[in-house]
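# Summary of structural features
The primary structure of each chain is shown beneath.
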Amino acid sequence: MFLSCLLIHVENTKVLEGCKSQTSVHSLQRLCSHCCCALKAIFYLFFLNDLFLYYIWSAFLLKMLSVFWMPQPPTITHQSPKDYIIDPRENIIIHCEAKGKPPPSFSWTRNGTHFDIDEDPNVTLKPHSGTLVVDISRAKAEHYECVYQCTARNKHGTAVSNNIVVQQSRSPLWSKEKVKALVVQEGVSLVLPCRPPAGLPPPIIFWMDNSELPQSSRVSQSLNGDLYFSNVLREDSRNDYICYARFPYTQTIQQKQPITVRVLNQEPADERKPTFLIPSGPTSSKMVLRGQVLEMECIAEGLLTPDVSWTKVSGDLPAKRTSFLHYQKTLRIVDASESDAGDYRCTARNRLGSVHHTIHVTVKAAPYWIGGAPRNLVLAPGESGVLTCRASGTPKPSVSWAMNGIPIESERNRKVEDDTIIFTDVQTGSSAVYQCNVSNDYGYLLSNAFVNVLSETPRVLTPANKVYQVIKNHQALLDCASFGSPIPKITWFKDSRSSTLDGDPYILHDNGTLEIHVAQARNSGKYTCVARNILGINENHIYLEVKDPTRILKQPEYKVVQMGRSVVFECKVKHDPSLIPTMTWLKDDGELLIVDSDSLTITDVTENDAGVYTCVMNTTLDHDSASAELTVSELFYIAALPAERPDPPTDLELTDQKKRGVQLTWIPGDEHNSPIQKFLIQYQDSLHHRGHWHNLTEVPGTRTTAHLKLSPHVHYTFRVLALNAVDFSRPSFPSRGFKTEPAAPDENPTGVQGFGTEHDNLVISWKPLSGLQSNGPGLHYRVMWRQKVVDSDWTTVTVANNSKFVVSGTPTFVPYELKVQAVNDYGAGPEPAVAHGYSGEDLPGAPTSLVVTNPNLDSLTLEWSPPHDRNGRITGYTLKYQPVEELALPANETSVTLPNLKYSTRYKFYLNAKTVRGAGVAISQEAVTVIDEAVASRQVDIATQGWFIGLMCAIALLILILLIICFIQRNKGGKYPVKEKEDAHTDPEFQPMKDEDCTFGEYSDNEDHKPLKGSRTPSNGTVKRDDSDDSLVDYGEGGDGQFNEDGSFIGQYSGKSASRETAEGHESSEAPSPINTMNSLNSFV
């Protein structure tokens, strides 16, 4: 069945285009053609090895085949004609084919009664068919000349065929008769009768002698086969005028006995005016059936031979359906209609006069359909429907109805009104086949139409995700073939499905096809076809791509070239980039020259090369062409022309408009003798930077199209400049404006960083987006932060019109994770990257430890550990020590060796760390450089000398006396004159040194008892708190004893020393050092 369907497709059409649905498929009868289309497409795509489309169309075929599985009453699909003439020499085949689900069974009637095929051994039925086959090898054909009718039935109904009248073809012999010779006078008229035997069908008549008899305006054959002579001539004399009859079915020819004609020339005949041989009299009438051929003839005699002409008395002859035969003697009008009724006049005329005859024509009509035969009706339970059998004829035909072959009348759910049956509230199981019989005196029409009561959810039969491609400004037709019961209602949506497509520019046809009369680029997109009835819904997605038209931007130009030279024709073309182009060059009458090149070069030109050259650009959807002429001359001089900058491009056009892109095309200006090297495309943003042109992109000089990538929320205007070897052209006129739709930002701010300006804040800063980067109105920033070391949630704030945000109340110098996201009215930008920063810094804590190592004669090494509470990035250390020295140390060092120190000297060191906020608390430590052994040995030697011993005793005695005096004076409440002197003359530049600023602070009882220079030191180089036997600090008042820059003591005695002695008693039994004693004396001097 499918292969037979394939044969009915119109040839010379594109295979896949032929499968596009043009009619509704709500009727089951339409499904066969769609399946044939799908099968044909599958074969085609299989050979093309396009597996993707192959599977799509295969699924489409399976979907439609599933419809065939549904119940269906019988339908007659093929039957023999009503008047069936058979060849008696061949088997009789009476056709009857029908379809249905389940497949129908067949039976026949003959002459109105049941025909039992099984009882006739000469008659069989073809398998799976109702076609009768009569074997006439054992029977005579005339025994089967009867009226037959076929019946096809299944459980859903019964269909019947026309009454088929079977007659065998006949070609009887001519009856034998004696034909006498005809003797006539020259110039008179003559009729040779043929009178062929009646055959079935009627034979074809023609006259011959030894060869085919020539006819003219004087001699012609009438419609009934007789041969008419308007006047005879002597050359008409012959013995073998023979009339032949050819019977087409049997392919036999019968001939009449030859007729002899003798023409006498006894006296010349007189000329006479015309008279009609046929028809006779002044008027006649003729009847013709509608749709048949109307033939009227007027054959006149006369001398001279008359000419015949025709007119219609009541109007004009139908020019397209009218022809004249037999030298104007026969008027023929094909496909007669009611408008052809009326009076027709034939006129025969020669120079002696004329004669007229009027033929009155009436047109009768066998019944014919108005609007087609009744259509099958598919209803759902509870629905209503109408079967219409609308026909006409002359006279008016009568209409009768039958159901499953049995005449019917009105009943409860079915009302019969002349040519209409009205069904109401149909129920399951009421499916049937209805026969409509329309008849009058000239014929009848019999049609079957089933009413199928089905409950079927909608099915969309058009292949899913089908892509339609059309050229801009052309018509687009999107199909939505569907099936369902009740008949589905079709609605269309585009993209977001916000509203149905039922107004301009869309036209929805009854069969579900959506038409866009003039397709534009904005019509491209995804369309959804929805089929809906009370039982369900089904949808299908279809895609429309509107392509830019192919257009030749620069046509080939007229050329004059000298023989032997070369010439180049150029053809610059713009086409839709998604279509595959093919460029072809033709010459004159279509000679193919070259393919797939936009230029044609002809070398060594000869005069044969002159002609018209045409470039043709073809795509899969359209084409364009242009031509130019080449003239070849023998002498041709070309003067060298100076090069100038090119003219500006023209005709800027924006096509293929998308959300973030557009295609710009233009026509190049005159090159002025220097080829264009490139085109510069500039844009102006009238929304953000009106009046400023910015470079966008460049394209080679051979191109006239550019695909531009654009940003959202910009009001673009474009212009193009051309560059050759001389300079840029002037800018082109601006293109029309193109606005891109706003969108969420594509990027987030860069340069995100975090830092503190106070010890308890965090400043988050970033580089803001530009107006072009914002992608839409309402730009603001979503600022997020959280502590890095703590598993905490993000804190988020929104910031607008600023590029920083200050977070207060943060812990000191804590690492943070930071994010800044751009947001506008249309959404947020991409997920931002995580940046890192620290809150503000503060003064650092004291170094964790400070240790003296490697003491030498004039150097030692200090080692320390960084502070536990850094409160920021350690930028360095400050080391201060006695005598007052200050040393800046890098942050990455934790030890230092101090050279060039004084030997045998006690040093106190203060070390503090620094951040950007300043120096922190200091840690202190003391150390003594190693004593020089040579000096020590000299001291021992002096001490053993007698003079030194005597001197020391005297000094000791003197000190004792002074101490006694001092004791007495103190008891009296007096002060030392030195104290008064120092109180009166305090050094104004003296500044106490405090621990917190790394200076030497005051000494008191409560602090370490620091030994002075020259005191004994343990072997490890450190001084213990309780090992000092004495200290000048103890003699200072309130611990205010100070050292000058050279380390000398500048304090004074006070009552505190006495009290301390009283309190301590004899805690230390060690004698005072002589060196200490000397130092004490020096302080009084």
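Residues numbered from 1 in each chain as written. Predicted model: local features only at pLDDT ≥ 70, side-chain atom pairs only at ≥ 80, totals over all residues. Heavy atoms only, no water.

With an unreviewed UniProt entry as reference, the protein is termed Neuronal cell adhesion molecule a, source organism Cyclopterus lumpus. The protein has a UniProt comment under Sequence similarities (unreviewed entry) that states "Belongs to the immunoglobulin superfamily. L1/neurofascin/NgCAM family." The UniProt entry for the protein carries the following comment under Subcellular location (unreviewed entry): "Cell membrane". (UniProt positions renumbered as here; feature names shortened; annotations may be inferred.)

## Details of the pairing of strand β27 (residues 342-350)
Two strands pair when backbone bridges link them, and strand β24 (residues 307-312) and β27 are joined in this way by six bridges, in the antiparallel orientation. Across the sheet, residue V308 finds its bridge partner in β27, namely A348. As defined by bridge partners, β27 adjoins strand β28 (residues 353-369) across nine bridges and the pair is classed as antiparallel. By the bridge assignment for β28, T347 is matched with H356. The antiparallel hairpin formed by β27 and β28 contains two residues in its connecting segment. (Pairing = 2+ DSSP bridges. Helix = DSSP H or I, 4+ residues; strand = E, 2+ residues; numbered from the N terminus.)

## What about the packing of aromatic side chains?
Scanning the model with the defined rule gives 18 aromatic pairs in all. Ring centres of Y716 and F718 lie 5.5 Å apart, and the angle between their planes is 5°; this geometry places the pair in the stacked category. Take Y716: its relative accessible area is 4%, and that puts it in the buried class. Judged by its relative accessible area of 0%, F718 falls in the buried class. A network of ring pairs unites the aromatic residues W108, F115 and Y148 as a single cluster. Sitting over the face of the ring of F115, R110 holds its NZ or CZ atom 4.3 Å from the ring centroid. Note that R290 overlies the ring of Y368, its terminal NZ or CZ placed 3.5 Å from the centroid. (Phe/Tyr/Trp six-rings, centres within 6.5 Å; stacked < 30°, edge-to-face > 60°. Buried < 20%, exposed > 50% of the residue type's maximum accessible area, 1.4 Å probe, protein only. Lys NZ or Arg CZ within 6 Å of the ring centre and 35° of its normal.)

## Some thoughts on the sheet that holds strand β16 (residues 227-229)
Two pairing modes exist for strands in a sheet, parallel and antiparallel, and in both the strands are linked by backbone hydrogen bonds. In spatial order, the strands read β13-β16-β15; together these three strands make up an open sheet with antiparallel pairing. Two strands bound the open sheet, and with one partner strand each, they are β13 (190-192) and β15 (219-221). On average, each strand axis in the sheet is tilted by 20° relative to the strand beside it, whichever way the strands run. Across three bridges, β15 lies against β16 in antiparallel orientation. (Axes fitted to C-alpha atoms, helices over the stretch in contact; angles between N-to-C directions.)

## Overview of the nonpolar core
If you look at the biggest cluster of nonpolar residues, it comprises 33 residues, and the most contacted ones within it are I92, I94, W108, L132, Y148 and V166. Among the secondary structure elements, those contributing two or more residues to this core are β2 (83-86), β3 (92-94), β4 (96-101), β5 (105-110), β8 (132-134), β9 (147-154) and β11 (164-168). The biggest single contributor to this core is β9, with three residues. The contacts of L132, once residues within four sequence positions are left out, are I92, I93, I94, W108, F115, I117, V123, T124, L125 and Y148. (Core = buried A, V, L, I, M, F, W, Y, C linked by side-chain atoms within 4.5 Å. Contact = heavy atoms within 4.5 Å.)

## Some thoughts on the state of the cysteines
In total, this model carries six disulfides according to the counting rule given. With its sulfur 2.0 Å from that of its partner, C96 forms a disulfide with C150. Of note, the bridge from C96 to C150 carries an S-S torsion of about -70° and is left-handed in sense. Placement of the pair is C96 in strand β4 and C150 in strand β9, with a sequence separation of 54 residues. The burial state of C96 is the same as that of C150; both residues are buried. A disulfide bridge connects C298 with C346, and the sulfur atoms are separated by 1.9 Å. (Disulfide = S-S within 2.5 Å.)

## With respect to the pairing of strand β41 (residues 482-485)
Walk down a regular strand and you will see the side chains alternate between the two sheet faces. Here β41 shows no split at all, with S482 and G484 on one side and F483 and S485 on the other all buried. Where strand β38 (residues 456-460) and β41 come together, three bridges link them in antiparallel fashion. Each residue of the ladder has a partner; that of V460, found in β41, is S482.

## Describing the pattern of salt bridges
Once their charged atoms are close, side chains differing in charge can pair, the charge on each being opposite to the other. One pass over the structure, following the stated rule, counts 28 salt bridges. A salt bridge links E295 to R332; its shortest N-O distance comes to 2.6 Å. Of the two residues, E295 sits in strand β22 (residues 294-297) while R332 sits in strand β26 (residues 330-333), which places them 37 residues apart along the sequence. R873 is paired through a salt bridge with E841; the nearest N and O atoms lie 3.5 Å apart. With a gap of 32 residues between them, R873 in the loop between β72 (860-867) and β73 (876-881) and E841 in the loop between β70 (835-838) and β71 (847-853) connect regions that are remote in the sequence. Judged by its relative accessible area of 9%, E841 falls in the buried class. Each of K554, E570 and E671 takes part in a single network of salt bridges with overlapping partners. (Salt bridge = Lys/Arg side-chain N within 4 Å of Asp/Glu carboxyl O.)

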